[in-house]
Amino acid sequence: MIILASSSPRRIELLKTIYKDFKVIKPTFDESLISKDNKDLALLESLEKGKSVLNPSYFNDLIISSDTIVKLNNKVYGKPIDLEEAKKFLKELSNNTHEVITGYSLFYKGKVISKQVTTYVTFNKLDDSLIEKYVTNEYVLDKAGAYAIQDDDKFSIIKEIKGSRNNVIGFPIEYIKEDIDILLSE
């Protein structure tokens, strides 16, 4: 059995591209327990999310967990607490290149693979009216950095992406699949 330690609709959809049958368990880890200044924040949060669903009855199951952060000039942008904070995030990311960092962890029969993937995203210059329209028309409160690459067709906020597009969605499935294959073959 494959267990996804996430309730993110985007991660569920991406995992469906490689596995049709899996179970979703929402992790119980409190993300506020890890300092936002930690350079391995996404990696540590993915590990703790996976551990929060790990129990002896899942020993022979593959557990997949992940966490994504957005980082600009060493400032971490998680999920905004409200629309005002979302607007502030987008203004700060405007006309800049930021990092999207996803940590993912795989647990299987006592073995753990845990890695981070970084993608560089450059935003177009966003004016206040576009930001207002964006946060009004898209649900941004469950997204690190207050944006989703999937919305870009409608709003053209992204100028350039260097790296994994799936990573920007929050689940670098191509890297995860490669490590699953390695883990299951050992």
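Quantities reported herein were computed from a predicted structural model and do not represent experimental measurements.

This part is about the packing of helix α3 (residues 83-93) against helix α4 (residues 128-137). Remark: α3 packs on α4, axes separated minimally by 10 Å, with the N-to-C direction vectors making an angle of 135°. In terms of orientation, α3 lies oblique with respect to α4. For the crossing formed where α3 meets α4, the hand is right-handed. Here α3 contributes L83, A86, K87, L90 and K91 to the contact with α4, which in turn contributes D128, I131, E132, Y134 and V135.

So, on to the layout of surface pockets. Considering only enclosed or pocket space, the largest pocket measures out at about 710 Å³ in volume. Surrounding the largest pocket, 33 residues form its lining, R11, K49, D67, K79 and D142 being those nearest its centre. Put simply, the parts of the chain that give the lining of the largest pocket at least two residues each are α1 (9-16), α2 (41-53), β3 (62-72) and α6 (165-169). The greatest single-element share of the lining of the largest pocket, amounting to four residues, is contributed by β3. For the lining of the largest pocket, a count of residues per class yields 15 nonpolar, seven polar and 11 charged.

Our next topic: the nonpolar core. Core analysis: the largest hydrophobic core is formed by 45 residues, its most contacted members being I64 and Y147. For Y147, the residues in contact, after removing those within four places along its chain, are V70, L90, L93, H98, V100, V121, F123, Y134, I157, I158 and V168. Counting eight residues, the second largest nonpolar core, distinct from the first, contains I25, L47, V53 and F107.

This paragraph deals with the side chain of E138. Inspection of the secondary structure assignment puts E138 in the loop between α4 and α5 (152-155). Beyond its immediate chain neighbours, meaning those up to four positions away, E138 contacts D151, K154 and F155.

What follows deals with the environment of N166. Along the chain, the position of N166 falls in helix α6. It is 21 Å that separates the C-alpha atoms of N166 and P27, two residues lying 139 residues apart in sequence. Setting aside anything within four residues of it in sequence, one finds N166 in contact with L14, F171, P172, I173 and E174.

Calculation rules
- Residues numbered from 1 in each chain as written.
- Predicted model: local features only at pLDDT ≥ 70, side-chain atom pairs only at ≥ 80, totals over all residues.
- Heavy atoms only, no water.
- Axes fitted to C-alpha atoms, helices over the stretch in contact; angles between N-to-C directions.
- Helix = DSSP H or I, 4+ residues; strand = E, 2+ residues; numbered from the N terminus.
- Parallel < 35°, antiparallel > 145°, perpendicular 65-115°, else oblique.
- Left-handed = near helix turned anticlockwise from the far one by under 90°.
- Contact = heavy atoms within 4.5 Å.
- 1 Å grid on protein atoms, 1.4 Å probe; cavity = no way out; pocket = protein on both sides within 12 Å on 5 of 7 lines; lining within 4 Å.
- Points joined across faces, edges and corners; volume = space filled by probe spheres on them.
- Nonpolar A, V, L, I, M, F, W, Y, C, P; charged D, E, K, R; others polar.
- Core = buried A, V, L, I, M, F, W, Y, C linked by side-chain atoms within 4.5 Å.
- Buried < 20%, exposed > 50% of the residue type's maximum accessible area, 1.4 Å probe, protein only.

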